[in-house]
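Topology and contacts: notes
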Amino acid sequence: MEWNIRDKKVLVTGATSGIGLASAIELARMGADVVLVGRDPNRSASARDQVASAAGKEVSFLLCDFSSQKSIRALAKDFLERHDRLDVLINNAGGVNKTRRVTEDGIEATFAVNHLGYFLLTNLLLERIVKSAPARIVTVASVGHRRGTMDFDDLGFERGYSIMGAYARSKLANVLFASELGRRLTGTGVTSNSLHPGAVDTNIWSGAPGWAKPIISVLLKPFFLSAEEGGQTIVQLAASPELDGVTGRYFEKKRAVSPAKLAQDTALGARLWDVSAKMVGL
Ligand SMILES: NC(=O)c1ccc[n+]([C@@H]2O[C@H](COP(=O)([O-])OP(=O)(O)OC[C@H]3O[C@@H](n4cnc5c(N)ncnc54)[C@H](OP(=O)(O)O)[C@@H]3O)[C@@H](O)[C@H]2O)c1
């Protein structure tokens, strides 16, 4: 039967602002049964109210701080206790860090939130997703992955940190993860794809260093997409019947394109998987 997003159970992380919120609103309007994830109770309740009023139905949220593996495990447990299926997982929560920060788990925060957050949550929910097949896993990466490197001897940039270096590495990890996951899910009826949403006017840019802010607001912002336009890229991967069975691909401007050469390295993807599994204790 052709894929139809109506009544599908959809979990959206980073749903309190930006493209996560915009895509949650659109998917709920299309009839999906959307569950939001946020880290702050007030912002999460406000997002829930916005999605509920746009869709004209009840919407729930769960709390998680993706910089804490304990919190991710609690989120997965909460979700599995409350919901018996998961048709679409949207890994979207993420951000940048101006200076190097280490999480309570001892991991550089950009890699921990942007990559290990997706990795651990997906793995904890995977059995339920596979049972719900046909199902989809959508991973929000970035064109910034093209500038990413993967140095397993210094994954956390202890030898020299830069905001863009850390962000690009985490986004390269997103693309590698999504395609490795696609390979691992062959034959299950679950697809896994990643995407770049475009340059979108969201809160993420407030994390840029001070010197970059005038450049962003004067030179770049006029060309930015709105959160709604950026959210459409997620909606497409989650909802489009044309993408039935399409897996392991990376999308820009709503088209499957080749990612960076490093992101196509299947041995690197497999190694990243093993290293990530150790880092999250799987
Ligand atoms: N905007 C762009 O131009 C662009 C381009 C390429 C890729 N992306 C990707 O798009 C995704 C969404 O970003 P956005 O642009 O929509 O930015 P945003 O408006 O800042 O939204 C980020 C979302 O992630 C949540 N989040 C961040 N850190 C978290 C943590 N530790 N635990 C739980 N939730 C956390 C935020 O929660 P709070 O509301 O609590 O902060 C928010 O809901 C990110 O993965 C980003 O890398 C964005």
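Everything quoted here is computed from the prediction, not taken from an experiment.

1. Digging into the overall build of the protein chain
- Within the protein chain one finds eight helices and eight strands.
- Taking 282 residues into account, the globule formula puts the C-alpha radius of gyration at 19 Å, and the protein chain, at 17 Å, falls close to it.
- Along the first, second and third principal axes, the C-alpha atoms of the protein chain reach 50 × 40 × 35 Å.
- For the protein chain, buried positions account for 47% of its 282 residues.
- Contacts in the protein chain between residues at least 24 apart in sequence constitute 75% of all its contacts with a sequence separation of at least 6.

2. As for the nonpolar core
- One finds Ala24, Leu27, Val34, Leu36 and Ala238 to be the most contacted residues of the largest nonpolar core, which totals 77 residues.
- With twelve residues, the single largest contributor to this core is helix 4 (residues 109-131).
- Not counting chain neighbours up to four residues away, the residues in contact with Leu27 comprise Ile5, Val10, Ala32, Val34, Val235, Ala238 and Ala239.

3. Observations regarding the site of the ligand
- Near the ligand, the surroundings consist of 29 residues, among which Gly14, Gly18, Gly94, Ser142 and Thr202 are the closest.
- For the shell around the ligand, a count of residues per class yields eleven nonpolar, 14 polar and four charged.

4. Digging into the environment of Leu195
- With respect to the helices and strands, the residue Leu195 is situated in strand 6 (residues 190-195).
- Counting along the chain gives 100 residues from Leu195 to Gly95, while the straight-line C-alpha distance between them is 16 Å.

5. Details of the pairing of strand 6
- Where burial is concerned, most of strand 6 is hidden: six out of the six residues are buried.
- Once the chain exits strand 5 (residues 135-140) it traverses helix 5 (residues 163-184) before rejoining the sheet at strand 6, and the crossover so formed is right-handed.
- By the bridge criterion, two bridges tie strand 6 to strand 7 (residues 250-252) in an arrangement that is parallel. When the sheet's bridge partners are listed, Leu195 is paired in strand 7 with Phe251.

6. Some points on the sheet that holds strand 1 (residues 9-13)
- Strands sit in the order 3-2-1-4-5-6-7-8 across an open sheet of eight strands; the sheet is mixed. Of all strands in the sheet, those with a lone pairing partner are strand 3 (60-63) and strand 8 (255-257), marking the two edges. Averaged over all adjacent pairs, the angle separating strand axes in this sheet is 25 degrees, with direction ignored.
- The sheet strands contacting helix 2 (residues 41-55) are strand 2 (33-38) and strand 3, and the helix crosses strand 2 at an angle near 160 degrees.
- Packing against the sheet, helix 7 (residues 227-239) makes contact with strand 1, strand 4 (88-91), strand 5, strand 6 and strand 7, and its axis sits at approximately 160 degrees to strand 5.

7. Looking at the packing of helix 1 (residues 18-29) against helix 7
- Between helix 1 and helix 7, the least distance of the axes is 7 Å, while the angle of their chain directions is 60 degrees. Considering the angle they form, helix 1 stands oblique to helix 7. Relative to helix 7, the crossing made by helix 1 is right-handed. Here Gly18, Ile19, Leu21, Ala22, Ser23, Glu26 and Leu27 of helix 1 lie close against helix 7, whose contacting residues are Ala227, Glu228, Gly230, Gly231, Ile234, Val235, Ala238 and Ala239.
- Split into classes, the residues belonging to the contact of helix 1 with helix 7 amount to nine nonpolar, four polar and two charged.

8. Considering the environment of Thr110
- Take Thr110: it is sitting in helix 4.
- Expressed as a C-alpha distance, the spacing of Thr110 and Asn42, which sit 68 residues apart in the sequence, is 24 Å.

9. Quick word on the packing of helix 5 against helix 8 (residues 266-279)
- Where helix 5 contacts helix 8, the axes come no closer than 9 Å and their chain directions differ by 95 degrees. As far as their axial angle goes, helix 8 and helix 5 are roughly perpendicular. Residues Ala173, Leu176, Phe177, Ser179 and Glu180 of helix 5 pack against Leu268, Gly269, Ala270, Leu272 and Trp273 of helix 8.
- Each residue belonging to the contact of helix 5 with helix 8 can be placed in one class, and the counts come to seven nonpolar, two polar and one charged.

10. A short note on unusual backbone geometry
- Across the junction of Ala133 and Pro134, the peptide omega takes the value 5 degrees, indicating a cis bond.
- Its location among the elements puts Pro134 in the loop between helix 4 and strand 5.
- Unlike most non-glycine residues, Asp7 shows phi in positive territory, near 65 degrees.
- Tracing the backbone shows Asp7 in the segment before strand 1.
- Taking the C-beta count within 10 Å as the criterion, Asp7 has 9 such neighbours and is therefore assigned exposed.
- If you check the backbone angles, Phe157 has positive phi at about 55 degrees while not being a glycine.
- Relative to the elements of secondary structure, Phe157 occurs in the loop between strand 5 and helix 5.
- Residue classification places Phe157 among the partly exposed residues on the basis of 16 C-beta atoms within 10 Å.

Calculation notes
Residues numbered from 1 in each chain as written. Predicted model: local features only at pLDDT ≥ 70, side-chain atom pairs only at ≥ 80, totals over all residues. Helix = DSSP H or I, 4+ residues; strand = E, 2+ residues; numbered from the N terminus. Rg over C-alpha atoms; globule rule 2.2 N^0.38 Å. Buried ≥ 20, exposed ≤ 12 C-beta atoms within 10 Å, placed from the backbone. Contact = placed C-beta atoms within 7 Å. Core = buried A, V, L, I, M, F, W, Y, C linked by C-beta atoms within 7 Å. Near = placed C-beta within 6 Å. Nonpolar A, V, L, I, M, F, W, Y, C, P; charged D, E, K, R; others polar. Right-handed = clockwise from strand over helix to strand, strands pointing away. Pairing = 2+ DSSP bridges. Axes fitted to C-alpha atoms, helices over the stretch in contact; angles between N-to-C directions. Parallel < 35°, antiparallel > 145°, perpendicular 65-115°, else oblique. Left-handed = near helix turned anticlockwise from the far one by under 90°.

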